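Here is what each chain is made of, one letter per residue.
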Amino acid sequence: MSFARQMLGATQRRAFSASARQASKVTVLGAAGGIGQPLSLLLKLNPRVSKLALYDIRLAPGVAADIGHINTKSEVKGYDATQSALHEALEGAEIVVIPAGVPRKPGMTRDDLFNTNASIVRDLAKATADAAPNAKVLIISNPVNSTVPITAEVFKSKGVYDPKKLFGVTTLDVVRASRFISELKGTDPSDEKITVVGGHSGATIVPLLSQSGYSLEGEKLDSYVHRVQFGGDEVVQAKGGAGSATLSMAMAGARFTESLLKASQGEKNVIEPTFVESHLYKDQGVTYFASNVELGPNGVEKIHPVGKLTAHEQGLLDACLKDLKGNIEKGVKFVKENP
Ligand code: NAI
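Bear in mind the structure is a predicted one, so any value in this text is a computation, not a measurement.

Reading the values: the criteria
- All residue numbers here refer to positions counted from 1 along the written sequence of the relevant chain.
- With pLDDT at 70 or above as the cut-off, local features in this predicted model cover only qualifying residues; side-chain atom pairs require 80 or more to be listed or tallied, and sums for whole chains, interfaces and linings still use all residues.
- Axes here mean lines fitted to C-alpha atoms, for a helix over just the part in contact, with angles spanning 0 to 180 degrees between N-to-C directions.
- Helix and strand definitions follow DSSP, with helices as H or I runs of at least four residues and strands as E runs of at least two, each counted in order from the N terminus.
- Here a crossing is called left-handed whenever its near helix is offset anticlockwise from the far helix by less than a right angle, and right-handed whenever the offset is clockwise.
- C-beta atoms are first placed from the backbone for all residues, and any pair lying within 7 Å is then listed as a contact.
- Segmentation into domains, and thus their bounds, comes from an automatic or database assignment.
- Each residue gets one of three labels, nonpolar for Ala, Val, Leu, Ile, Met, Phe, Trp, Tyr, Cys and Pro, charged for Asp, Glu, Lys and Arg, and polar for the others, Gly among them.
- Here, nearness is defined through the C-beta atom: a residue counts as near a molecule or strand if that backbone-placed atom lies within 6 Å of it.
- Any residue surrounded by 20 or more other C-beta atoms within 10 Å of its C-beta is treated as buried, while 12 or fewer makes it exposed and the intermediate range makes it partly exposed; C-beta atoms here are placed from the backbone.
- Arc, as used here, means the arc of the directions from the helix axis to the C-beta atoms.

### Digging into the packing of helix 6 (residues 114-131) against helix 7 (residues 144-157)
- Two numbers describe how helix 6 lies on helix 7: the axes approach to 9 Å, and their chain directions differ by 35°. In this structure, the crossing between helix 6 and helix 7 has a hand that is right-handed. For the pair helix 6 and helix 7, the contacting residues are Phe114, Asn117, Ala118, Val121, Arg122, Ala125, Lys126 and Ala129 in the first and Ser146, Thr147, Ile150, Thr151, Val154 and Phe155 in the second.

### As for the domain arrangement of the protein
- Partitioning the protein into structural domains gives domain 1 (3-168) and domain 2 (171-337).
- Computed over C-alpha atoms, the centres of domain 1 and domain 2 are 22 Å apart.
- Residue-level contacts link 46 residues of domain 1 with 41 residues of domain 2.
- Elements represented by at least two residues in the side of domain 1 that touches domain 2 include exactly helix 3 (36-44), strand 4 (95-98), helix 6, strand 5 (136-139), helix 7 and strand 6 (166-168).
- A per-element tally of the side of domain 1 that touches domain 2 places helix 7 first, with 10 residues.
- Looking at the side of domain 1 that touches domain 2, its residues break down into 25 nonpolar, 9 polar and 12 charged.

### Looking at the site of the ligand
- As a matter of local geometry, the ligand sits amid 33 residues, with Gly30, Gly33, Gly34, Ile35 and Asn142 nearest to it.
- Here the residues of the shell around the ligand are counted per class, giving 17 nonpolar, 12 polar and 4 charged.
- Counting only domains with at least three residues in the shell around the ligand, you end up with domain 1 (3-168) and domain 2 (171-337).

### Side note on helix 5 (residues 83-90)
- Here helix 5 has its buried residues at Leu86, Ala89 and Leu90. Taken down its axis, helix 5 places every buried residue within 95° of arc, on the same side.
- Turning to helix 5, the residues buried within the fold contact strand 1 (25-29), strand 2 (51-55), strand 3 (75-79), strand 4 and helix 6.

Have a look at this one:
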């Protein structure tokens with residue numbers, strides 16, 4: 001033990017080791033939005049977060065002032081919409097979560113958001129690559145199938161890309177798949193963990209029910225799969241033009257962030273589904289893919305294969321790969337043409 005540590009009292013030592021273990025700065029870009037606000041609230045309640053930096057093009061200092069009154073240990077700071085404030089918000093971040101961008105309205109697909117969100121994510125990725133090149137970056141902004149490749153291309157262009165540290169957040173698909181099967185089977189939804197692979201939009205979302213020992217047949221199976229793939233539409237419709245899933249997404253984003261923090265703080269066997277650069281279907285030209293991923297201190301530790309599939313699931317996967325390839329190429333092309 002160092003001299004300095006010996007000189008500390010027991011209480012101080014406890015405080016010292018706790019803060020050393022939990023010294024994690026998390027930055028939220030788009031923190032004043034429908035997802036950003038409840039996500040920031042949940043992160044404020046997480047004892048693994050020591051600093052919470054909230055950035056948005058509007059209202060972030062207000063959200064930070066509000067959340068900052070909560071009596072948990074972390075410090076919260078809100079940042080104005082300037083490049084220098086953005087840089088400061090990002091500096092020293094271990095995790096950067098990006099829910100900035102516009103959400104869907106009824107009748108829109110996630111791909112319809114591309115034109116607006118692609119440039120928002122590109123610009124925020126540039127700022128992140130400059131100010132926090134070693135951070136783990138979590139992309140929530142849709143279309144995730146394209147915004148993750150956009151972020152990767154920006155990081156590559158700045159020479160700081162690490163595929164182990166870039167994640168598309170697909171947790172909500174698993175949350176929904178688990179909830180929906182529990183409604184059919186009368187089980188406790190919190191005990192369910194349905195594997196969902198592929199991407200994060202419509203036909204690219206592939207639930208693998210058989211791996212949890214369930215077998216639905218015919219119309220029941222079709223309607224379950226459809227509900228998992230298009231569950232987001234239920235929320236978009238119900239909100240009648242005022243946005244898409246925000247509260248359930250905030251929960252899902254907070255859960256994924258918590259898993260990354262657990263893994264970086266030494267916990268083993270932390271496994272989450274997430275959309276990452278993946279070798280699984282690279283030979284078919286699909287360079288990013290969501291499957292269960294074991295997380296470690298440096299991010300991606302091990303990408304799990306999809307496992308055994310039924311013929312029906314294989315059919316869903318084939319359709320997914322076709323769409324996904326196009327979504328990924330669209331993101332890559334966007335950065336090439338609009339650097
Ligand atoms: P929202 O419109 O309520 O909030 C977006 C926030 O981003 C706003 O506060 C806005 O000011 C901010 N923003 C816009 N441009 C910005 C920039 N350049 N820098 C910083 N902040 C900026 O939208 P909501 O409902 O929070 O959704 C955000 C995104 O998340 C959408 O693209 C939506 O499609 C996506 N989403 C993703 C899900 C997933 O499972 N990955 C689930 C649900 C939504």
